[in-house]
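What follows is each chain in one-letter form.
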Amino acid sequence: MQYKTISGSQVFPETGFNFKISKTTLRLKEFPGHGHDFTELVIILGGSAKHIYESSEYQVKPGDVFIIKGRETHGFRDCREFRLSNIMFEPEFLTRVFPEIGVLPGYQALLTVEPAFRNRHRFQGRLWLNSEQLQKVEQIIDQLIEEQRKSESGRKIMLTARLAELVIFLTRCYAATENLSKPAESVIKLSATISYIKRHFTENLTLRQLAKRSGMPVNAFLRDFKKITGCSPIEFVLRQRIRTASELLRGSSLRISEIAFRTGFADSNYFTRQFRKINGISPREFRKSV
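Further remarks concern the nonpolar core. One recurring pattern in soluble globular proteins is that nonpolar side chains are buried together. The biggest cluster of nonpolar side chains holds 53 residues, and the ones touching the most others in it are Phe19, Leu41, Ile43, Ile87, Leu166 and Leu170. Examining the composition of this core, we find that 8 residues originate from one element, helix α5 (residues 155-176), more than from any other. With sequence-adjacent residues up to four places away left out, phenylalanine 19 is seen in contact with Phe12, Ile87, Met88, Phe89, Phe93, Leu144, Gln148, Leu159 and Leu163. Counting residues in hydrophobic clusters, the runner-up holds 14 residues, among them Leu26, Phe76, Cys79 and Phe123.

Structure below.
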């Protein structure tokens, strides 16, 4: 299968508004493979097809929901009355307006953990919607498409709110999934652990404690966590602290020692060293630069 790359500038007609939704029935036997530099949420609404993802192939059916990240390649073949919705966006487009969405375990499962283990799990960790859930999702999709067609005031706000409604509903479906396969259970437990860290990063979290929460041996947890995030759990905690400290330095007049304390550092000198290590400048220099 030949692959072409689609850029966000081709897809998003409005500068600074990285969102587009479509609903399509594929009657051709094959949908050309492609890659893109944005995130695509794919929801299978009807029919059947084989999904070509990177170098692997998976059968997909109504109710399947999955993310294709930027720079990943995919396509479909053996399409039979294949109906799907493609929601093209950048995650920051949503989490910038609704930061709490990024902390939800289901969000981590959908956008971070399942894609990282897709090939290992042979696509068995994906979200699947039952008929009632799929009907609800299709209603939201239709509302998004209708709003996208409009030129009324507040259109962008409404589209962002509807997308948030859809994503939150999907994250709840992930959390409520019953009779989980082992891969799906692993995805959800790891996602819940990442969510826990994002909520409790100011506390004294240990590797052993986090591994226990994930239900995995320490070494296996450490290996899988690094695969998902690119760093160790303890470094991830540190980066959450420094990210929050950066926001406080940018948006508040709190003293640096107070910011250090609020983000989980007992020693402001240690905070300054870690801040410089990650951001390349001291907290004081960072505050002056913004």
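Our next topic: the pairing of strand β3 (residues 30-36). Summarising the sheet, strand β1 (residues 4-6) and β3 pair through 3 bridges and their orientation is parallel. The residue of β3 that forms the bridge with isoleucine 6 is histidine 36. Pairing analysis gives 4 bridges linking β3 to strand β7 (residues 73-89), with the strands arranged antiparallel. When the bridges of β7 are listed, glycine 35 appears paired with threonine 73.

Moving on, we get to the packing of aromatic side chains. Evaluated as defined, the whole model comprises 13 aromatic pairs. Measuring from centroid to centroid gives 5.4 Å for phenylalanine 225 and phenylalanine 236, while their planes differ by 80°, and the two rings are edge-to-face. Pair noted here: phenylalanine 225 is in helix α8 (residues 218-229) and phenylalanine 236 is in helix α9 (residues 233-251), with a separation of 11 residues, a long-range link. Each of the two residues, phenylalanine 225 as well as phenylalanine 236, counts as buried. Both rings, one in phenylalanine 265 and one in tyrosine 270, keep their centres 5.9 Å apart while their planes meet at 55°; by these two values the pair is tilted. For tyrosine 270, a relative accessible area of 36% translates into the label partly exposed. One aromatic cluster is present, formed by Phe265, Tyr270, Phe271, Phe275 and Phe286 through successive ring pairs. Of note, arginine 213 hangs over the ring of tyrosine 196, and the distance from its end group to the ring centre comes to 3.6 Å.

What follows is about helix α4 (residues 131-149). With 19 residues, α4 should reach 27 Å at 1.5 Å per residue; the first-to-last C-alpha distance of 27 Å fits that figure. Listing the buried residues of α4 in full gives Gln133, Leu134, Val137, Glu138, Ile140, Ile141, Leu144, Ile145 and Glu147. Buried positions along α4 lie against β2 (19-26), β4 (39-53), β7, β8 (127-128) and α5. For α4, the N-terminal cap is asparagine 130; the gap from its side-chain oxygen to the backbone nitrogen of glutamate 132 is 3.1 Å.

With that settled, the discussion passes to the pairing of β4. Of all 15 residues that make up β4, 12 are buried, and the element is covered over most of its length. Relative to β7, β4 is paired through 12 bridges, and the arrangement is antiparallel. Opposite isoleucine 43, over in β7, you have serine 85 as the bridge partner. Across 4 bridges, β4 lies against strand β6 (residues 64-68) in antiparallel orientation. Its bridge partner lying in β6, glutamate 40 is registered against isoleucine 68. As paired elements, β4 and strand β5 (residues 56-60) share 5 bridges and run antiparallel to each other. Directly across from lysine 50, in β5, lies its bridge partner glutamine 59.

Moving on, we get to helix α7 (residues 207-214). Every buried residue belonging to α7 is among Leu210, Ala211 and Ser214, and all of these are buried. For α7, the buried positions fall inside an angular range of 100° around the axis, keeping them on one side. Facing away from the buried side of α7 by more than 90 degrees, the exposed set consists of Arg208 and Lys212. Tucked inside the fold, the buried residues of α7 contact α6 (182-200), α8 and α9. Remark: glycine 215 follows α7 within two positions and exhibits a positive phi of approximately 75°.

Turning our eyes to something else, we now look at the pattern of salt bridges. Under the defined criterion, the tally for this structure stands at 21 salt bridges. Here aspartate 224 and arginine 120 are joined by a salt bridge, their closest N and O atoms 3.1 Å apart. Highlighted residues: aspartate 224 in helix α8 and arginine 120 in the loop between α3 (105-116) and β8, separated in sequence by 104 residues. By relative accessible area, which is 3% here, aspartate 224 ends up buried. Accessibility expressed as a relative area gives 45% for arginine 120, which makes it partly exposed. Salt bridges sharing partners connect three or more residues here, namely Lys23, Arg83, Glu138 and Asp142.

The rules behind each value
- Residues numbered from 1 in each chain as written.
- Predicted model: local features only at pLDDT ≥ 70, side-chain atom pairs only at ≥ 80, totals over all residues.
- Heavy atoms only, no water.
- Core = buried A, V, L, I, M, F, W, Y, C linked by side-chain atoms within 4.5 Å.
- Buried < 20%, exposed > 50% of the residue type's maximum accessible area, 1.4 Å probe, protein only.
- Helix = DSSP H or I, 4+ residues; strand = E, 2+ residues; numbered from the N terminus.
- Contact = heavy atoms within 4.5 Å.
- Pairing = 2+ DSSP bridges.
- Phe/Tyr/Trp six-rings, centres within 6.5 Å; stacked < 30°, edge-to-face > 60°.
- Lys NZ or Arg CZ within 6 Å of the ring centre and 35° of its normal.
- Expected span 1.5 Å × (residues − 1).
- Polar contact = N/O pair within 3.5 Å; in protein donor to acceptor, adjacent residues only side chain to side chain.
- Arc of directions from axis to C-beta.
- Salt bridge = Lys/Arg side-chain N within 4 Å of Asp/Glu carboxyl O.

These figures capture arrangement, not role.
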